[in-house]
Amino acid sequence: MQNRMTLLLAAGLGAMAMYYLDPARGRHRRSLVRDQLVHAGHETRRGVGVVRRDLMHRAFGKTASALSHLRSERPDDRVLVERVRACLGRVVTHPSSVDVEASDGVVTLSGPILQHEVAPLLRCVLTVPGVADVTNRLDVHAEPDRIPGLQGAPRHTPAEAASLRAGWSPTGRALAGVAGGAAAAYGLARGSAGGKLLATAGLALLTRALTNLDARRLLGVGGADYTTAVQKSIRINAPVEQVFELWQDFESFPSFMKHVRRVRRIENGGDGERWRWSVRSRGGIEWEFDSVVTQREENRLLAWTTDDGAFMGHAGTVQFHANADGSTSVEVNMIYSPIGGAVGHAIARLIGADPKHQMDDDLLRLKSFIETGKVPRDAARRVTEIPSSREARGLRHAGVEA
């Protein structure tokens, strides 16, 4: 068994050395690792500061709470109003629409509110220290239609509020991380069956503390939705009209991109243009999905979303900005739900198979294709046949003769 483990370790180290010492891409990969280590150092220092401030605030709050129980006098009305307002943000989606008044411990609530938020709000206010009674003068509405105070994006949705409540505090995460790391190290050192079980539990606790995600979102099971945001900006030395013309011609993407294998229009219904994409990941896995163009503004914006039930649901926008020097700045924003939740995203990112790595690769190919007019050698489909009319128009626009 020990010989097998040694062999596997040696094979892993050899593969890692080949990956990072590769003459063509090794330097770039090593620089990425260096950048990640620097970023991790910055995040560690920031995290230590957050935990220190959280400990100080909690100690101050506990002390103030203990002293308030020792004092018999009722808190000042202004203090009581601020305590109640702090409670609003946890249970109401539009807390600014609720007016709070206090007089001798009696709190009066008024203003527009959604019907399903009334009971949680009253329960929350009654638990505030110093509140003797609550007078309900709220203007209750079943829907936010045409109510000025209930318009606009809510501060948080019910799902987001539940997610925030399920999260651990910075101090709790720090303590759990230390405990989990110590348990994992001790269990691995013992080497017995019980030690392995302890190490597994310690690693699970450490992962929970580092990510602040519950088990369902970590593994992407039980309908839990873990969404990852990807943002990328790139400057292309070409007019915005040329860049937008090529970008909106989805069928030509395989001619200069590596990961996009095929794209074809399937219909143009009332909900927008629908396209079927075939994409190959870095691991060689090819998967298809249908997308809908939800918004199109000439030379300014393209937006899309995938159909429900897609293998990896995602949505995003591409914004085009013309610069004074004649170049174009392209900003891509995308959100997606990785397979396997946060763990699946971490594994895909480790091997370079996550959408961000693929987007980086293909955006560089797009930039090179437009600026030089040369088709990349590793494009998904070489332009050896006569392309379609849409594809030919995009290629000629970029200076390539099909």
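Cut-offs applied
Residues numbered from 1 in each chain as written. Predicted model: local features only at pLDDT ≥ 70, side-chain atom pairs only at ≥ 80, totals over all residues. Heavy atoms only, no water. Helix = DSSP H or I, 4+ residues; strand = E, 2+ residues; numbered from the N terminus. Buried < 20%, exposed > 50% of the residue type's maximum accessible area, 1.4 Å probe, protein only. Areas by Shrake-Rupley, 256 points an atom, 1.4 Å probe, with all protein chains shown as cover. pLDDT = per-residue confidence, 0-100. Contact = heavy atoms within 4.5 Å. Phe/Tyr/Trp six-rings, centres within 6.5 Å; stacked < 30°, edge-to-face > 60°. Lys NZ or Arg CZ within 6 Å of the ring centre and 35° of its normal. Salt bridge = Lys/Arg side-chain N within 4 Å of Asp/Glu carboxyl O. Axes fitted to C-alpha atoms, helices over the stretch in contact; angles between N-to-C directions. Left-handed = near helix turned anticlockwise from the far one by under 90°. Nonpolar A, V, L, I, M, F, W, Y, C, P; charged D, E, K, R; others polar. Pairing = 2+ DSSP bridges. Disulfide = S-S within 2.5 Å. Core = buried A, V, L, I, M, F, W, Y, C linked by side-chain atoms within 4.5 Å. Polar contact = N/O pair within 3.5 Å; in protein donor to acceptor, adjacent residues only side chain to side chain.

Enquirer: Which residues make up the overall build of the protein, and what are the values?
Expert: Scanning the protein for helices and strands turns up 12 helices and 10 strands. In the protein, buried positions account for 36% of the 402 residues. A total of about 24,100 Å² of accessible surface is found on the protein, and carbon and sulfur atoms cover 57% of it.

Enquirer: If you had to explain unusual backbone geometry to someone new, which residues and values would you point to?
Expert: Peptide bonds are mostly trans, and most non-glycine residues show a negative phi. In this structure, D104 takes a positive phi of about 55° despite not being glycine. With relative accessibility at 60%, the residue D104 sits in the exposed group. The phi torsion at N299 lies on the positive side, around 60°, for a residue other than glycine. Tracing the sequence through the fold places N299 in the loop between β7 (286-297) and β8 (301-306).

Enquirer: Run through the confidence of the model for the protein, naming residues and quoting values.
Expert: Looking at the protein, the pLDDT average stands at 78 and 76% of residues meet or exceed 70. Within the model, pLDDT remains below 50 along residues 383-402, and this stretch shows 37 contacts once partners closer than five positions in the same chain are excluded.

Enquirer: Account for the packing of aromatic side chains, naming residues and giving values.
Expert: With the rule as written, the count across this model stands at nine aromatic pairs. Judged by centre distance (6.2 Å) and plane angle (85°), the rings of W247 and F253 are edge-to-face. The residues W247 and F253 share a single accessibility class, namely buried. Ring pairs connect the aromatic residues F244, W247, F250, F253, W275, W277, F289 and F320, which therefore count as one cluster. Here R29 stacks its cationic end above the ring of Y19, 4.0 Å away from the centre of that ring.

Enquirer: Please give an account of the pattern of salt bridges that cites residues and values.
Expert: On inspection of all chains with the given rule, the structure shows seven salt bridges. R34 is paired through a salt bridge with D35; the nearest N and O atoms lie 4.0 Å apart. In this structure, the salt-bridge partner of R300 is E297, at a minimum N-O distance of 3.4 Å. Judged by relative accessible area, R300 falls into the exposed class, the value being 55%.

Enquirer: Give a detailed account of the packing of helix α3 (residues 77-91) against helix α4 (residues 118-126), specifying residues and quantitative values.
Expert: Closest axis-to-axis distance for the α3/α4 pair is 9 Å, and the angle between their directions is 145°. Taken as a pair, α3 and α4 cross one another with a handedness that is right-handed. Contact residues: α3 offers V84, C87, L88, R90 and V91, while α4 offers P120, L121, C124 and V125. For the contact of α3 with α4, the class distribution of residues is eight nonpolar, no polar and one charged.

Enquirer: So what about the sheet that holds strand β1 (residues 99-103)? Which residues, and what values?
Expert: The three strands lie next to each other as β1-β2-β3, forming an open sheet whose pairing is mixed. The two strands at the open ends of the sheet, each matched to only one other strand, are β1 and β3 (133-141). With strand direction ignored, the average angle separating the axes of adjacent strands in the sheet is 10°. Examined bridge by bridge, β1 and strand β2 (residues 106-114) share five bridges and lie antiparallel to one another. Looking at the pairing, S103 lines up with V106 of β2. Helix-sheet contacts for α3 involve β1 and β2, and the interaxial angle to β1 is about 145°.

Enquirer: Give a detailed account of the state of the cysteines, specifying residues and quantitative values.
Expert: Taken as a whole and judged by the stated rule, the model has one disulfide. Note on cysteine connectivity: C87 is disulfide-linked to C124, with sulfurs 1.6 Å apart. Of the two residues, C87 sits in helix α3 while C124 sits in helix α4, which places them 37 residues apart along the sequence. The exposure classification of C87 matches that of C124, with both residues buried.

Enquirer: An account of the nonpolar core is needed here, citing residue identities and associated values.
Expert: Ranked by internal contacts, the top residues of the largest apolar core, which has 34 residues, are W247, W277, F320, V330 and L366. Elements that contribute at least two residues to this core include exactly β4 (228-236), α9 (240-247), β5 (260-269), β6 (272-280), β7, β9 (314-322), β10 (328-336) and α11 (355-372). Beyond its immediate stretch of four places on either side in the chain, F320 contacts V240, V243, F244, W247, N299, R300, L301, L302, T328, S329 and V330. By size, the runner-up hydrophobic cluster in this structure holds 20 residues, among which are L80, V81, C87 and I113.

Enquirer: Summarise the environment of P120; cite the residues concerned and give the values.
Expert: Topologically, P120 is positioned in helix α4. Owing to a relative accessible area of 25%, P120 belongs among the partly exposed residues under this scheme. Spatially, the C-alpha atom of P120 lies 8.5 Å from that of V92, the residues being 28 residues apart in sequence.

Enquirer: Break down the side chain of S252 for me, citing the residues and quoting the values.
Expert: Along the chain, the position of S252 falls in the loop between α9 and β5. Within the local environment of S252, its side chain forms a polar contact with the backbone oxygen of D249, the two atoms lying 2.8 Å apart.

Enquirer: Lay out the environment of H116 with the relevant residues and their values.
Expert: When you line up the elements, H116 lands in the loop between β2 and α4. By relative accessible area, which is 54% here, H116 ends up exposed. The spacing of H116 and A142 is 26 residues in sequence and 7.7 Å in space, taken between C-alpha atoms.

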